[in-house]
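# A structural walkthrough
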Amino acid sequence: MELENQEIQTFVNTVRSLSDYDFTEYSDKSLKRRLMKILHDYHLTTESLLIKISENPEFLERIVKDITVNTTELFRDPAIWHSLRYDILPDFEDLSTLNIWHAGCSTGQEVFSMMILLNEMGLLERSDIYATDINSDVLEAARKGVYRYRFNVGYLNNFDAVIKENPRDHNIYHNVPYSKYFVVDKVRDNIRMKDYLLNKPVYEKMDLVTDHNPFDRVFDLVICRNVIIYFNYELQNKVFKLFLDNMNQGSVLVLGVHETILGPYAAYFKKKFQAYYKK
Amino acid sequence: MKHDALVIGGSAGSFRAIIHLLEILAIDLSIPVFLCLHRLKQARKGFEETLANIASLPLMEPFDKEKIKPGIIYLAPANYHMLIENKRTIALSTEDPIQYSRPSIDICFASAAEIYKQRLLAILLSGANQDGTGGIAAVNRHGGYTLVQDPTDCEITTMCESAIKLTIPNQILTIPEIIEFVSLL
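These numbers were taken from a predicted model, which means no experiment stands behind them.

## Overview of the sheet that holds strand E3 (residues 146-148) of chain A
All names here are of chain A. Taken in spatial order, the 3 strands make up an open sheet running E3-E5-E4, and their pairing is antiparallel. The two strands at the open ends of the sheet, each matched to only one other strand, are E3 and strand E4 (182-185). Across the sheet, the mean angle from the axis of one strand to that of its neighbour is 20°, orientation sign disregarded. Across 4 bridges, the pairing between E4 and strand E5 (residues 190-193) is antiparallel. Directly across from Phe182, in E5, lies its bridge partner Met193.

Encoded structure:
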């Protein structure tokens, strides 16, 4: 099945006219792939999709959720979590409050990863954790903190790599049981986060493209991983500006391992330890 | 030059062939090369360095929105899909694996086919699943040129057998023949 650029354009315009969602500056290829998947999954043509979203606001909301990509893992890319633990976070140990924003938090795995790491460093109590996503379904999943076990055995390997092992000193081993943070229930096939981790973060629905910072805070740490890859260059710049305006001096922006700041906002950051420090 | 870009896909059993191919690419090659290989999620830096040391041309794992330059080999990063966004830009994606694969050869080939059309050369090598078949079909559909490794020459035949069964590649070649083809680029 092929989709013409004109059809994609019509879809984007229709969504924009019907709602506050704006996919104009999303990455072309990715948007096209997501749309093709939607047409396939719902057995629709472009025309029937446009009619259905025009007539049914709930269906439009569902399609918007389907457009966004929600893949995430506990401690995805252990190397960056090592860097947070040994290079980046120690500089923030003296702050009375550490304000952290997970922008595009999806189903919450990174939020839990961060809280677990902060707790191991003795920083969790002093941290205020905020998390946003465009998709209210994934926020609901984050609030519940229950993940499938069978497809996510890698979570435990990542936990071991980040929390138990120390790549900088192989003589050190922290024997931290999983049960300190979550319950692994193989019979019910799930991994369930502990209540004290569920109650800590403040979740808020937010579209990085159109909304302002919904929290009355300026942040010390902004985590936005594998989100901007779905945006084009112009939109990436807008999002960097949004972050910059809501970050303290010397605060840190953490992007995905293969994401980088290419445009004019690169000048406002200094790259160190796979992270961007606001100058 | 008949081609504006080269895409190579491979999985289990393709490593030796890849090494040969990277060694013999002309050092004045004036087109970009996109390399999409399945590999273990955690095996990261070592793999890139090994290939970079062998390759006749500079080899890198691109950042998202990396500018495409001729004479560079772009290796799809582990755990990401690599797409050709347009003639100037590479895009990465963390969408779900396709055919259990991320990076997916199908996604990489199909996105390159849409951009380079009949000016694309695609090579599919040994592998243990059916990823790549959809990619070869997409390149064919856009008029590009496709080479599939002869299954009798593959360490693991599944991937190329699938491609040959379901598509009509321009040529089915052994590794020495593919190397000869590529050395003339």
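## Looking at the nonpolar core
All names here are of chain A. Judged by nonpolar contacts, the single largest core of 47 residues is most densely connected at Phe11, Leu49, Trp101, Leu208, Phe243 and Leu253. When residues of this core are traced back to their parent elements, those giving at least two are helix H1 (5-18), helix H2 (28-41), helix H3 (46-55), helix H4 (57-67), strand E1 (98-103), strand E7 (219-224), helix H10 (233-245) and strand E8 (247-255). Here the element with the most residues in this core is H10; it accounts for 6 residues. By size, the runner-up hydrophobic cluster in this structure holds 46 residues, among which are Leu74, Ile100, Tyr149 and Ile191.

## Focus on the domain arrangement of chain A
Accessible area lost upon the coming together of the parts serves often as the stated size of an interface. All names here are of chain A. Domains assigned within chain A are domain 1 (5-67) and domain 2 (78-145 + 197-278). For domain 1 versus domain 2, the distance between C-alpha centres works out to 28 Å. Taken together, the contacts link 9 residues of domain 1 with 15 residues of domain 2. The contact between domain 1 and domain 2 buries some 1,100 Å² in all, and 49% of this surface belongs to carbon and sulfur atoms. Taken as a group, Glu25, Tyr26 and Lys65 account for 58% of the area that domain 1 buries against domain 2, more than any other trio of residues on that side. Where domain 1 meets domain 2, there are 3 salt bridges. For Glu25, the salt bridge identified is with Lys238, shortest N-O distance 2.7 Å. Residues belonging to the side of domain 1 that touches domain 2 are distributed by class as follows: 2 nonpolar, 2 polar and 5 charged.

## Examining the pairing of strand E1 (residues 5-10) of chain B
All names here are of chain B. With 6 of 6 residues buried, E1 lies mostly within the body of the structure. Alternating residues of E1 divide into Ala5, Val7 and Gly9 and Leu6, Ile8 and Gly10, and every residue in both groups is buried. Note: E1 against strand E7 (residues 120-124), 5 bridges, orientation parallel. Counterpart to Leu6 in the pairing with E7 is Leu121. Examined bridge by bridge, E1 and strand E2 (residues 33-37) share 5 bridges and lie parallel to one another.

## Structural notes on the environment of A:Ser19
All names here are of chain A. By the secondary structure assignment, Ser19 is in the loop between H1 and H2. By relative accessible area, Ser19 is classed as buried at 19%. Along the primary structure Ser19 and Pro57 are separated by 38 residues, whereas in three dimensions their C-alpha atoms are 8.8 Å apart. One polar contact links the side chain of Ser19 to the main-chain carbonyl oxygen of Val15, over a distance of 2.8 Å. For Ser19, the side chain forms a polar contact with the main-chain nitrogen of Tyr21, separated by 3.1 Å.

## Description of the side chain of B:Ser93
With respect to the helices and strands, the residue B:Ser93 is situated in strand E6 (residues 89-93). Of the residues examined, B:Ser93 reaches a relative accessible area of 2% and is grouped as buried. There is a polar contact of 3.5 Å between the side chain of B:Ser93 and the side chain of A:Tyr230. Leaving out residues up to four positions away in the same chain, B:Ser93 has contacts with A:Ile229, A:Tyr230, B:Tyr80, B:His81, B:Leu83 and B:Arg102.

## Focus on the interface of chain A and chain B
In this complex, chain A contributes 28 residues to the contact, which on the side of chain B involves 28 residues. Together, the buried faces of chain A and chain B total about 2,300 Å²; carbon and sulfur atoms form 44% of this surface. Interface area lost by chain A to chain B is led by A:Lys29, A:Arg33 and A:His258, which between them contribute 34%. Across the chain A-chain B interface, the total number found is 3 salt bridges. The partner of B:Glu95 in a salt bridge is A:Arg33, with the nearest N and O atoms 3.5 Å apart. Here chain A and chain B share 19 residue pairs in polar contact (both at pLDDT 80 or more) between them. The element contributing the most residues to the side of chain A that touches chain B is H2(A), with 5 residues.

Analysis parameters
Residues numbered from 1 in each chain as written. Chains lettered and ligands numbered in written order. Predicted model: local features only at pLDDT ≥ 70, side-chain atom pairs only at ≥ 80, totals over all residues. Heavy atoms only, no water. Pairing = 2+ DSSP bridges. Helix = DSSP H or I, 4+ residues; strand = E, 2+ residues; numbered from the N terminus. Axes fitted to C-alpha atoms, helices over the stretch in contact; angles between N-to-C directions. Core = buried A, V, L, I, M, F, W, Y, C linked by side-chain atoms within 4.5 Å. Buried < 20%, exposed > 50% of the residue type's maximum accessible area, 1.4 Å probe, protein only. Domains from an automatic or database assignment. Contact = heavy atoms within 4.5 Å. Buried area = accessible area lost by both parts, 1.4 Å probe. Salt bridge = Lys/Arg side-chain N within 4 Å of Asp/Glu carboxyl O. Nonpolar A, V, L, I, M, F, W, Y, C, P; charged D, E, K, R; others polar. Polar contact = N/O pair within 3.5 Å; in protein donor to acceptor, adjacent residues only side chain to side chain.

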